[in-house]
Structures are given as structure tokens and as C-alpha cells.
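Structure assessment
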Amino acid sequence: MEEANQKLPDNNSMEFTNDSIHHLDTARKWSMFLAILGFISVGLLVLVALLAGTALALFADSPISPVIGIAIAIFYLIIAVLYFFPVYYLFNFSSKAKHAVNSSDSKTLTESMHFLKAHYKFLGIMIIVMLALYPLIIVLVVLGGITSGL
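Residues numbered from 1 in each chain as written. Predicted model: local features only at pLDDT ≥ 70, side-chain atom pairs only at ≥ 80, totals over all residues. Heavy atoms only, no water.

1. Points about the packing of aromatic side chains
Applying the stated rule across the entire model yields 10 aromatic pairs. Their ring planes at 70° and their centres at 6.5 Å tell us that Tyr-89 and Phe-122 sit as a pair that is edge-to-face. Of this pair, Tyr-89 sits in helix H2 (residues 65–103) while Phe-122 is found in helix H3 (residues 106–149), placing the two residues 33 residues apart along the sequence. Cluster of aromatic residues (ring-pair linked, three or more members): Phe-39, Phe-84, Phe-85, Tyr-88, Tyr-89, Phe-91, Phe-115 and Phe-122. (Phe/Tyr/Trp six-rings, centres within 6.5 Å; stacked < 30°, edge-to-face > 60°. Helix = DSSP H or I, 4+ residues; strand = E, 2+ residues; numbered from the N terminus.)

Structural data, given as C-alpha cells:
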């Protein structure tokens with residue numbers, strides 16, 4: 001069985017074959033596509049936050065409607081901010097990987113890998129947080145269902 005902490009050779013160099021460069025280039029094209037769609041989604045989330053929040057705050061008849069409108073706007077803005085960071089990291093990975101592939105620049109390749117690592121680290125932390133919150137949400141929903149039935 002191989003050890004988990006394998007070390008690179010002493011010179012810390014690694015060769016990329018034409019296939020690996022082709023795969024990196026293909027991955028960066030798809031990541032750019034996904035990043036652009038992500039930026040569009042963030043923009044739409046901000047637009048929905050502003051429109052929905054404003055519509056509820058201004059046009060509903062209930063005196064609590066402005067509070068609900070502001071709460072909805074804040075909720076969507078928080079989601080947009082949280083969604084922005086992984087999209088930003090993915091965009092930077094793609095941009096720097098393109099430069100690295102086109103110029104054979106290993107420093108830029110390292111920078112692009114840093115952004116890819118940041119992208120996956122952010123997503124991983126968000127998933128851990130959501131998995132930790134699910135039991136709490138389930139308990140609150142069950143308690144709410146029990147108390148509303150009384």
C-alpha cells in the first residue's frame with residue numbers, strides 16, 4: 001500500500017504530456033463556461049433580491065409586508081454573496097490556466113491550481129456547514145409541525 005504522504009523527486013519538477021495539457025485546456029474551457037453562467041446567476045439573484053424585496057415592501061397591503069420584503073431581499077443577497085466566491089475562484093482558475101497553457105508558464109499554472117483548490121475548499125466547507133445544519137432544520141420543522149397541530 002502506498003503512503004499517503006508521497007514526496008516529489010528532489011528537483012520538484014513534473015512533466016506534462018500533450019494529453020495532460022489537452023485535458024487541462026478542456027477543463028479550463030468548461031470551467032470558464034460554468035463561471036460565466038455562475039456570474040449570470042449571481043446577477044439574477046441580486047436582481048431578484050431587489051425586485052422581490054421592493055415589490056413586497058411597497059405593494060403589499062399587510063403592515064408586516066415591508067419587513068418580509070426586506071428579509072427576502074437580505075436572504076437572496078446572502079445567497080448571491082456565498083455563490084459569488086466559488087464562481088470567482090473558478091473564473092480565476094480558468095483564466096490563469098488559459099494563460100499557463102498558451103505560454104507554458106509554470107508559475108501561472110501554480111496560481112491557477114491555487115484558485116482551483118480555493119474553489120473546492122470553499123465548496124467543501126459549505127457542504128460541511130449545510131450537512132451540520134440539516135439535523136437542526138429537521139428538528140425545527142418537526143417541532144413546528146407538532147406545535148402547529150396542538
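2. Some remarks on unusual backbone geometry
In this model, Ser-104 sits at a positive phi of 55°, which is unusual for a non-glycine residue. If you trace the backbone, Ser-104 turns up in the loop between H2 and H3.

3. Structural notes on the packing of H2 against H3
Between H2 and H3, the shortest axis-to-axis distance is 8 Å and the interhelical angle comes to 160°. Considered as vectors, H2 and H3 are oriented roughly antiparallel to each other. In terms of crossing hand, the pair formed by H2 and H3 is left-handed. Residues Leu-82, Phe-85, Pro-86, Tyr-89, Leu-90, Asn-92, Phe-93, Lys-96, Ala-97, His-99 and Ala-100 of H2 form the contact with H3, whose own contacting residues are Thr-108, Leu-109, Glu-111, Ser-112, Met-113, Phe-115, Leu-116, Ala-118, His-119, Phe-122, Leu-123 and Met-126. (Axes fitted to C-alpha atoms, helices over the stretch in contact; angles between N-to-C directions. Parallel < 35°, antiparallel > 145°, perpendicular 65-115°, else oblique. Left-handed = near helix turned anticlockwise from the far one by under 90°. Contact = heavy atoms within 4.5 Å.)

4. Brief notes about H3
An ideal rise of 1.5 Å per residue puts 64 Å on 44 residues; H3 measures up with 64 Å between its terminal C-alpha atoms. Of all the bends in H3, the largest measures some 30° and sits at Leu-133, one to four residues before the proline Pro-135. The set of residues buried in H3 consists of Thr-108, Leu-109, Ser-112, Phe-115, Leu-116, Ala-118, His-119 and Phe-122. N-capping of H3 is provided by Asp-105, with a side-chain oxygen placed 3.1 Å from the backbone N of Lys-107. (Expected span 1.5 Å × (residues − 1). Bend = angle between axes of the 7 residues up to and from the residue. Buried < 20%, exposed > 50% of the residue type's maximum accessible area, 1.4 Å probe, protein only. Polar contact = N/O pair within 3.5 Å; in protein donor to acceptor, adjacent residues only side chain to side chain.)

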